[in-house]
Amino acid sequence: MNNGMFASRTHRACLPNGFTLLVYENPASPTVHLSMALRAGRFLDPLDRPGLSQLTASMLKRGSKQRSKFEIAQTLEDVGANVEVSANRFLIGAEGQALSKDIGRVLSTLAEILRQPAFPEDELDKLKKQVIGSLRRQQEQTDVRAFERFCQILYAPGNPFYQPPVEQRIQSIETISVEDLQRFYQTYYGAATAMLVVVGDVKTKQVQQQVEELFGDWAAGAPVPIEVERTRPGEQTQRELIHMPDKANANVVMGHAGQLRRTDQDYYAAFIANAALGQSTLSSRLGLRVRDQEGLTYGIASRFWEASFADGPWAVSFTVNPDNLNKALASTLEVIDAYLQQGITDRELEDEKSSFVGSFIVGLDTNTGMATHLLSAEAYGFGPQYLDRVPQLVQAVTKQQVNAAIQKFIHPSGFVTVIAGSLNDVAL
């Protein structure tokens, strides 16, 4: 990767309605990838309507005011293109891929489904049944049940990381109407927070002209800022069991509120601090001790979950035979305690920095990877030039900064531990 590549080759334009466009010409292959996002994710769900943002996003491809979902799908399939829409905690995302010569068809389809959704009632009924079925099936999974309860303990209702009980979510989805979707769409969808990244064998001038024609008169809307108070870890440990009969294994989630956001200055120090402890089940301290040395689990990992616009949880998670549960819990805590006392080693620091930079550079080898990173940099306000600086920022992280992050972000004295599985005969 050449220094200054993204700063010099990325064209960024902001339309008068706030719509932001980034184009990166990459003539290496005759394809194009589009990544788009706007601020209409789950953090905007009313307290009594969990799932509303997800249903709204999922309905966009199920018919526009001009065409049915089958006609929309056929238009894309005819040229081997595709467009997918999804919702996460804060953003609605759309991804599109096609041969470069067909970018006009993908852009016009994207504009149609985003700007003129029909929300047909029969499709909403089908979608609701699919979502409810999926939620009920997930409740049979020990890892889902453990993490769901973990988040309920850590966060209060109204926090974007709180997960309402499944029956509450199902009841909400059952009662959501077409009018609810239309109201949510009219309130939160618009050009002001929309960002579109186009990477591929395209001409910037042509792409910008097409985008201006398709999105230039889209109403800006009334953007809602993401304002979430930072959640602090508790001061006491807490343990909760979820009995799920006839499960061969148990799942453990152990941790606390993570406190880390993507824009924090110590983001990379915190990322490396966690990586040496548990990012990889094959090479981290937790993996080498609990998995390889003691054979207590097939996999163990620690993560900052969604350190993004707000701070999600930090947690260690693993699957274990209930007979080995106490040993695995004790070993995990011993590894964490030792890490807090010893700090990161010089070898771990260099390995983790090298691994991060290598993965980052490899991720930029494709149109999809470049579009994803450019969109992320735009969403967090870093700008395209930030991608040129990431390797240097990571390599500049010092041992002292990582050890400070270990002390700042990992607090066993406030651990919440949730265990889900067949635990009737387990003495804890």
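Calculation rules
Residues numbered from 1 in each chain as written. Predicted model: local features only at pLDDT ≥ 70, side-chain atom pairs only at ≥ 80, totals over all residues. Heavy atoms only, no water. Pairing = 2+ DSSP bridges. Helix = DSSP H or I, 4+ residues; strand = E, 2+ residues; numbered from the N terminus. 1 Å grid on protein atoms, 1.4 Å probe; cavity = no way out; pocket = protein on both sides within 12 Å on 5 of 7 lines; lining within 4 Å. Points joined across faces, edges and corners; volume = space filled by probe spheres on them. Nonpolar A, V, L, I, M, F, W, Y, C, P; charged D, E, K, R; others polar. Salt bridge = Lys/Arg side-chain N within 4 Å of Asp/Glu carboxyl O. Buried < 20%, exposed > 50% of the residue type's maximum accessible area, 1.4 Å probe, protein only.

Side note on the pairing of strand β1 (residues 10-14)
Where β1 lies against strand β2 (residues 20-25), five bridges are found, and the strand directions are antiparallel. Residue pairing across strands places R12 opposite L22, the latter belonging to β2. Taking the residues between adjacent antiparallel strands as the criterion, β1 and β2 are bridged by five residues, where G18 takes a positive phi near 100°.

Quick word on the layout of surface pockets
Within this model, the largest pocket holds a volume of roughly 1100 Å³. What lines the largest pocket is a set of 46 residues, and nearest its centre among them are R262, Y267, H373, S376 and Y380. When residues of the lining of the largest pocket are traced back to their parent elements, those giving at least two are β3 (31-38), β4 (82-87), β5 (92-99), α10 (267-279), β9 (300-304), α13 (346-363), α14 (367-379) and α15 (386-395). Looking at side-chain class alone, the lining of the largest pocket contains 26 nonpolar, 14 polar and six charged residues. Here the second largest pocket defines a volume of roughly 900 Å³. Elements that contribute at least two residues to the lining of the second largest pocket include exactly α5 (121-138), α6 (142-154) and α7 (166-175). Within the lining of the second largest pocket, the residues separate by chemical class into 17 nonpolar, eight polar and six charged.

Describing the pattern of salt bridges
Tallying each qualifying case throughout the model produces 25 salt bridges. Of the charged contacts in the structure, one is a salt bridge between R49 and D180, with a shortest N-O distance of 3.6 Å. With a gap of 131 residues between them, R49 in the loop between β3 and α2 (52-58) and D180 in helix α8 (residues 178-188) connect regions that are remote in the sequence. Judged by its relative accessible area of 22%, R49 is partly exposed.

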